Structures are given as C-alpha cells and as structure tokens.
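# Architecture and fold: a report
Here is how the chains run, residue by residue.
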Amino acid sequence: MKNRNDSYVRKFLLALILCLIAVPVSRIISPKTVVNASDIYLAWLPLSVMLAIILLFGRHGVVPVILGFALINESFLHLPGIEAAVLLFCQIFPVLLACAVVRWRLGSRWRHGIPNKDMGIRILWLGFIAPLGIKCSMYIAGIWFNYPIHLSEFFNSSSVIYSIIDIQSLIVASLIFTMIIYFPLRMMINPRFFRTFWRQSIKPWLSAEKRLFTLFWIAALIAMVITLCLPYQSEYIAGYLVPVLFILFTFGISRLSHPLLMLCWGCAAFALMVYNDSFLHGVHSDYSLAFVMSVLICFTISMLYMMRIYTHSEWLKGRWQAQAMTDPLTGLPNLRALEKMLDAQSSCIVCCLHMQNVEFLSRHFGMMMRVHVKRSVTRELQPLLQEGETLFQLPGNELLLKLNGPDIAGRLQHMVRYLNSRRIYWNATALDIEFGISWGELQASGKELHHTLGQLSWLSEQASLGQQVLALTNSLQEVTDQTTDRVLLLNKVKRALDNNGTVLYGQPIVNAQGIGYQEILSRLVCDGELLTPDQFIPVIAQFNLSTRFDMQVVDRLLQWMQQHPGPHGCARFSVNLMPLTLMQNDFVAQLLSLFDRYAVSPQAVIIEITEEQALSHSEVSIHNIQRLREAGFKIAIDDFGTGYANFERLKRLQADIIKIDGCFVRDILNDPQDVMIVKAICEVAKGKSLTVVAEYVENEAQRALLLQAGVDYLQGYLLGKPQLLAER
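Treat the numbers as computed from the prediction; the structure is a model and nothing was measured.

### Here we look at the overall build of the protein
Each helix and strand counted, the protein has 28 helices and 19 strands in total. Here the protein, with 728 residues, has 48% of them falling under the buried criterion. Roughly 35,900 Å² of accessible area belongs to the protein as shown, and the carbon and sulfur atoms make up 58% of that amount.

### Some words on the UniProt feature "transmembrane region" (unreviewed entry) in the protein
UniProt marks residues 41–57, 62–79, 85–102, 123–147, 159–185, 212–230 and 287–307 with the feature "transmembrane region" (unreviewed entry), using the numbering shown here. Secondary structure over residues 85–102 splits into 100% helix and 0% strand, and the C-alpha atoms at its two ends are 25 Å apart. Within the segment residues 159–185, helix and strand shares are 89% and 0% respectively, and the terminal C-alpha atoms sit 37 Å apart.

### A word on the pairing of strand β8 (residues 434–442)
Taken across its nine residues, β8 has seven buried, putting it largely inside the fold. Where strand β3 (residues 348–356) meets β8, nine bridges bridge the pair, whose relative direction is antiparallel. Counterpart to Cys351 in the pairing with β8 is Trp439. Direction of pairing for β8 relative to strand β9 (residues 469–471): parallel, over a ladder of three bridges. Counterpart to Trp439 in the pairing with β9 is Ala471.

### Considering the packing of aromatic side chains
Overall, the coordinates contain 16 aromatic pairs when judged by the stated rule. Each ring, one from Phe89 and one from Phe93, has its centre 4.7 Å from the other, and the planes form 10°; the classification is stacked. Taken together, the residues span about one helical turn, with Phe89 and Phe93 both in helix α4 (residues 81–106) at a distance of four residues. Note on Phe93: relative accessible area 38%, which makes it partly exposed. Within the aromatic cluster, the residues linked to one another by ring pairs are Trp217, Phe246, Phe249, Trp265 and Phe299. In this arrangement the basic side chain of Arg27 is found over the ring face of Phe76, its NZ or CZ atom lying 5.0 Å from the centre. The ring of Tyr505 has Arg523 lying over it, and the distance from NZ or CZ to the ring centre is 5.6 Å.

### So, helix α25 (residues 619–631)
End to end, α25 covers 18 Å across 13 residues, agreeing with the expected 18 Å (1.5 Å per residue, within 8%). If you check which residues of α25 are buried, you get Ser621, Asn624, Ile625 and Leu628. Buried residues along α25 cover an arc of 100° about the axis, so they all sit on one side. Seen from the open side of α25, the exposed residues pointing more than 90 degrees away from its buried face are Glu619 and Glu630. Just beyond α25, the residue with positive phi is Gly632, at close to 115°.

Cut-off values and rules
- Residues numbered from 1 in each chain as written.
- Predicted model: local features only at pLDDT ≥ 70, side-chain atom pairs only at ≥ 80, totals over all residues.
- Heavy atoms only, no water.
- Helix = DSSP H or I, 4+ residues; strand = E, 2+ residues; numbered from the N terminus.
- Buried < 20%, exposed > 50% of the residue type's maximum accessible area, 1.4 Å probe, protein only.
- Areas by Shrake-Rupley, 256 points an atom, 1.4 Å probe, with all protein chains shown as cover.
- UniProt positions renumbered as here; feature names shortened; annotations may be inferred.
- Pairing = 2+ DSSP bridges.
- Phe/Tyr/Trp six-rings, centres within 6.5 Å; stacked < 30°, edge-to-face > 60°.
- Lys NZ or Arg CZ within 6 Å of the ring centre and 35° of its normal.
- Expected span 1.5 Å × (residues − 1).
- Arc of directions from axis to C-beta.

As structure tokens, then:
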C-alpha cells in the first residue's frame with residue numbers, strides 16, 4: 001500500500017511540475033496573427049498541453065492540471081476569486097468531460113494506441129466537442145461576468161466569424177499540436193520510450209532499402225518549410241507551395257511511420273503558423289483566415305484517416321499472407337511457408353514424418369480423423385522441438401520438420417520411439433498408427449525442393465514399415481531409382497489405360513458339383529509389356545486412377561459377355577472394385593449405364609469389394625453398396641477376416657457372399673486353429689444366409705476339409721488356373 005501511495009505522489013508531483021512549466025511556455029509560443037488590426041490566436045497551445053498531460057497520466061493528471069492552470073491563471077491574469085474559478089471551469093471542465101466520455105466509450109485503455117487506434121471517437125470528442133465546449137462555456141460566462149478588456153474578446157466576440165476562428169484555434173491545438181507535446185513529454189518522463197520510438201518509428205525507415213526515400217522526404221520537407229517561413233512575401237509561394245506540402249505528406253503516408261509523420265506535420269504546421277508572413281500572404285480578412293484554418297483542420301483529419309486506412313490495409317495484407325502460409329485445418333505452416341523460409345536461408349535440415357495406416361483409417365473414420373491425428377502428433381512433438389524448429393503441413397499422411405543443431409539422427413530416433421509408444425484416439429477408439437522418419441539437407445527451392453521432398457516422402461514411407469529413421473544421404477541412389485521407377489511405371493499405366501490395354505483373365509469358382517462362375521483377374525499391357533497387379537495396383541490407388549481402371553475392366557467384360565451370351569438369371573463372373581471407386585458419388589449411375597448399353601443383366605455379374613469397403617463408415621460407400629444390391633447385383637466380400645471384421649460385424653454385414661482369405665486356407669491341414677476359424681465363419685454365415693467361398697485351394701485334401709467345414713464354393717489352382725478370357 002505504501003509503495004502504491006508513493007507512486008501516486010510521484011505521478012502527481014511530476015504532472016504538476018510539467019504543467020507548471022509547459023503551460024506558461026505554451027502560452028508564450030502560441031502562434032498568433034493580426035487580422036483587421038486585431039491579434040488572433042491561430043492555436044491555443046495550453047489546450048495541447050492539457051490533453052498531453054491527461055493522455056500521459058490519466059486520472060492522476062486531473063488534479064495537477066486543475067492546480068497548474070489555477071496557479072498560472074493567477075500569476076498571469078490576477079482575476080477576482082469568482083471570475084478566476086469560472087475561467088478555470090471553462091478551460092478545464094469541457095476537456096475533462098470529453099476525456100471521460102472517450103474513456104467510457106473505449107474502456108480503460110483509451111489512452112493507448114495513439115494516434116491510430118479508435119481515431120474517430122478521439123477526433124470527435126477531443127478534437128471538436130472539447131474545443132466547442134470551451135468556447136460555449138466561456139460565451140455563457142461572459143454574459144454573467146465582466147472580465148477585463150484583454151480577456152473580454154474571448155468571452156464576448158464581436159462577430160460570429162471571430163467566434164468561429166477562436167473555435168478553430170482550439171481545434172487546431174487539439175488535432176495538430178497535441179502530439180508534438182505528447183511525444184517529447186513522454187520521452188522526458190520515460191527515456192526508454194525514446195529508444196522504443198527510435199526503434200519502431202524511425203530506425204526501420206533508415207534501413208538500406210528505405211534510407212534514400214526517407215532522407216529525400218525529410219530534406220524536401222525542410223526546404224519547403226524554410227521557403228514558406230522566409231519573410232519574403234509572394235503569392236506564388238503561398239498559393240502553390242502549400243498544396244505541394246500537402247502532397248508531400250500524403251505521399252509519406254505509405255512510406256513512413258505514422259507517429260513520425262504526425263510529429264513532422266505538427267512541427268511543420270507550427271513553423272508555418274509562427275512565421276506566417278509568407279504562409280498567410282494574401283489573408284487580409286477574418287473570412288480568409290477562417291478558410292485557411294479550415295483547410296489545415298480538414299487536411300489533418302484526412303491525413304489521420306488515410307493513415308488509419310493504410311494501417312488497416314497493411315494489417316489485412318499481413319493477415320492474408322499469414323493465412324496463405326498456414327493450413328486452415330491443422331494450423332501448421334504449409335509448403336508455401338517452407339519455400340519462403342528457404343528463400344531467407346541457403347540450406348536447412350528437414351525431416352519427413354510418415355504416419356502409416358492413416359490413409360486406410362481415414363476411409364473408415366473420415367478426413368477429419370486425419371486432421372485430428374496431425375494435430376495430436378504436433379502437440380506431442382512440440383515439447384521436443386528447440387527454438388527456431390518448425391513443423392510444416394504436407395498433403396496426405398506426412399508432416400515435415402525443420403530441425404537445427406547437432407545429433408539430428410539421435411533426436412529423430414527418440415521422436416520415433418516416443419510417437420510409436422503413444423496412443424492416439426478418435427472418438428474413444430485407439431488408432432493403430434506406425435511412424436517413420438526420413439531426413440536430409442535442403443539446399444534449394446523451386447523444382448529441386450519438390451524433387452527432394454518427393455524422395456523424402458518415399459523414404460519415410462519405407463521407414464514407417466519398420467518404425468525407423470532413414471537418412472536420404474545414405475539411401476540417395478536407392479530413392480532416386482525407386483522414385484524414377486515409380487514415375488516411369490505411372491506413365492506406363494496411363495498409356496495402357498489410354499490405349500485400352502486392359503487384358504482380362506478368368507479363374508473358376510465352383511461348388512462341389514463343379515458348377516459356378518469365374519472371377520475376373522485384370523492385367524495391363526503397355527508397349528507389349530505385361531504389367532501384373534502387384535505393379536500397377538499401388539500406382540492406380542496412389543494417383544487416383546481407380547475409377548477409370550475399374551470402369552475399363554467392366555466395359556471390356558460386358559463387351560465379351562454381349563458377344564458370348566449365356567444363360568439368364570445366374571451369375572457368370574465376379575469383378576473386383578477398388579476402394580476409391582466405390583466412394584465416388586456417380587459411380588453406380590455410370591455402372592448401370594454400361595449394363596444398359598450392352599444389355600447385360602446385373603444378376604450375371606457379382607461385385608467383389610474389400611472388407612474395408614463393406615465395413616466402412618463412409619456414407620457414400622454404404623449408399624453405393626445399397627444401390628448396387630437394389631439394382632440386382634450380388635455383393636461379395638473379398639479377403640474376409642484379414643482386416644477389421646469380427647463376428648459382431650459379420651452379423652450386420654450387408655452382403656451375399658464372403659470369401660475367406662487364403663491365409664486361413666494355406667495351412668488348414670496342419671493348423672487346427674485355421675479349421676476352427678473357417679468353421680466358425682461358415683456357421684455365422686449360414687445364419688445370415690451368406691454363401692462362403694474359400695480361396696487358394698491347391699489340393700484335394702484342402703478341398704475335402706473345406707467342403708466338410710461348410711464352404712460352398714472353392715477357388716484355387718486345384719479348380720483351375722486363370723485363363724485369358726479372349727481365348728474362351
């Protein structure tokens with residue numbers, strides 16, 4: 001409490017001392033002119049001092065201002081008690097009332113952000129209402145009290161135009177000259193503010209790229225002010241140089257700091273008003289003077305608003321640039337931010353963090369699950385990053401880290417172990433995600449940047465398979481070969497699809513009596529080279545060619561079925577659809593139009609989908625499966641039992657056929673658990689009226705055991721190898 005009281009006392013004494021010194025000085029230096037043989041204030045600077053002290057000290061400056069003005073009025077004017085009290089009231093009360101209103105409107109920080117923030121309210125109340133209140137209160141006081149002749153002109157103006165000029169002098173003092181008193185006083189009170197003012201408002205504009213303009217602008221301003229202040233009178237100087245001065249300040253709005261600009265404008269206006277022989281050349285009447293004062297007031301307000309508009313536009317520009325550099329979902333810097341960072345530094349160490357299984361899981365849980373995973377990983381890694389290290393958003397299942405310092409490999413090993421030991425949950429479900437990191441040095445931007453990022457992406461995918469950390473420098477040749485081969489393979493796949501190079505094979509799926517249908521197996525041919533599924537399927541999935549490939553397969557099959565008609569009402573073939581195909585909104589409509597074009601019944605073709613698609617949370621996939629069943633297609637679940645399926649999900653599965661994956665068939669003769677699993681699947685399937693197909697049947701013993709377990713149809717080399725459909 002004692003320290004607080006001491007602080008109040010210090011503020012009170014400091015404000016009182018400043019007031020006792022600054023107010024008399026401001027009275028003496030207040031600029032005047034003579035019009036019609038009368039002395040007229042061009043600016044009453046004690047008002048500027050009063051506002052500056054209140055802006056500096058707030059409520060702590062109210063009593064010092066009252067005491068200071070009372071003492072100074074007594075020293076200079078020697079008025080009787082009642083007249084002195086009324087004069088003090090007229091001088092101070094309107095200003096305090098205006099300040100109170102501004103504080104009420106803007107809150108406790110109403111004195112901050114000068115001169116730009118909340119400028120409109122300050123201009124209205126402090127720049128217009130307060131001066132108008134001073135003049136009106138003095139006019140009313142002049143009616144009731146008789147003041148000395150040298151003061152009576154302020155209380156009882158002889159004409160309306162003189163009253164207007166008095167009000168204008170107060171407005172000029174408030175709008176133009178408050179800042180040139182406020183800034184020096186604040187620097188005197190707090191020398192650190194001088195360093196802050198220099199660092200923020202002057203030094204940036206003396207940098208190498210801006211120094212020439214700043215110095216030229218200041219030199220031009222000084223030259224113009226000196227020319228206008230010379231005693232030499234010329235109508236050309238006053239008539240043409242003053243507008244150029246306005247243009248100079250307007251031009252500086254976008255090039256100089258606004259506090260510096262307001263300080264320069266106040267100093268220039270003060271010099272012009274004090275040495276006004278040339279500036280006011282030709283002003284011989286009160287009306288001309290009122291017009292000149294109006295011009296100064298209007299330009300000041302215009303300049304303030306132009307500064308505010310420019311500041312706001314620069315803020316918006318900065319915000320839009322920041323948004324352009326930031327991913328809106330994860331909140332992380334994006335590739336554009338990485339390119340900008342690389343422009344500022346020649347090289348850096350970057351690490352690509354790959355999250356295995358996120359692509360697969362996002363098809364079940366939706367894209368926001370992927371965003372949630374990246375946000376969670378970001379939160380986990382932030383405590384492990386040093387100053388200046390950043391995470392960047394990459395498309396897909398990867399994040400990019402920019403690291404500094406030594407022992408990069410050791411730190412990355414710790415990060416990988418840490419992430420793989422943590423669990424990430426989505427809607428109370430634990431996500432099975434494996435992490436791997438690749439790292440290398442980036443030394444360029446542009447094409448080289450994206451080429452290196454592509455290599456890091458491939459290497460990080462390999463690293464995630466073993467939860468490893470791989471350095472690009474140690475695997476550069478392998479990465480280059482692999483990424484080059486992937487690009488070449490993509491070109492081959494595209495050429496094969498463009499040239500309708502899809503080749504169909506059929507493998508029989510039969511029951512115990514040898515009756516059944518055939519599964520369509522696809523190959524691609526490019527320039528005479530046969531591409532197998534293990535080559536082209538990953539490329540088709542990665543580069544979003546699934547729908548195009550599947551529709552081409554169906555088109556070739558329907559062409560063959562039209563040329564080789566068979567019995568109606570029974571299935572002849574089954575066709576696999578890739579996961580992304582089933583997620584297209586217009587896929588079913590395209591498929592049905594093909595069947596209509598070739599006049600083939602949907603009952604003749606079984607649609608095989610993966611367990612992932614059948615149990616997907618994707619509304620589009622579920623809706624498409626329902627539409628296919630409604631159209632007459634039978635739905636088969638391929639590779640059942642290897643993914644997220646369980647008996648609870650099997651009970652609510654919307655399908656007609658399930659195909660038991662070959663991993664349960666290969667060792668069924670030697671592994672009793674495989675027998676139990678197959679029998680259990682068959683029992684539950686029979687309860688759902690599902691047909692069961694077993695894959696990879698290669699000998700008679702497997703065939704007999706599977707049929708005994710309840711399997712309905714068999715597929716494998718024992719029943720028949722794939723044969724080219726065109727040879728049938």
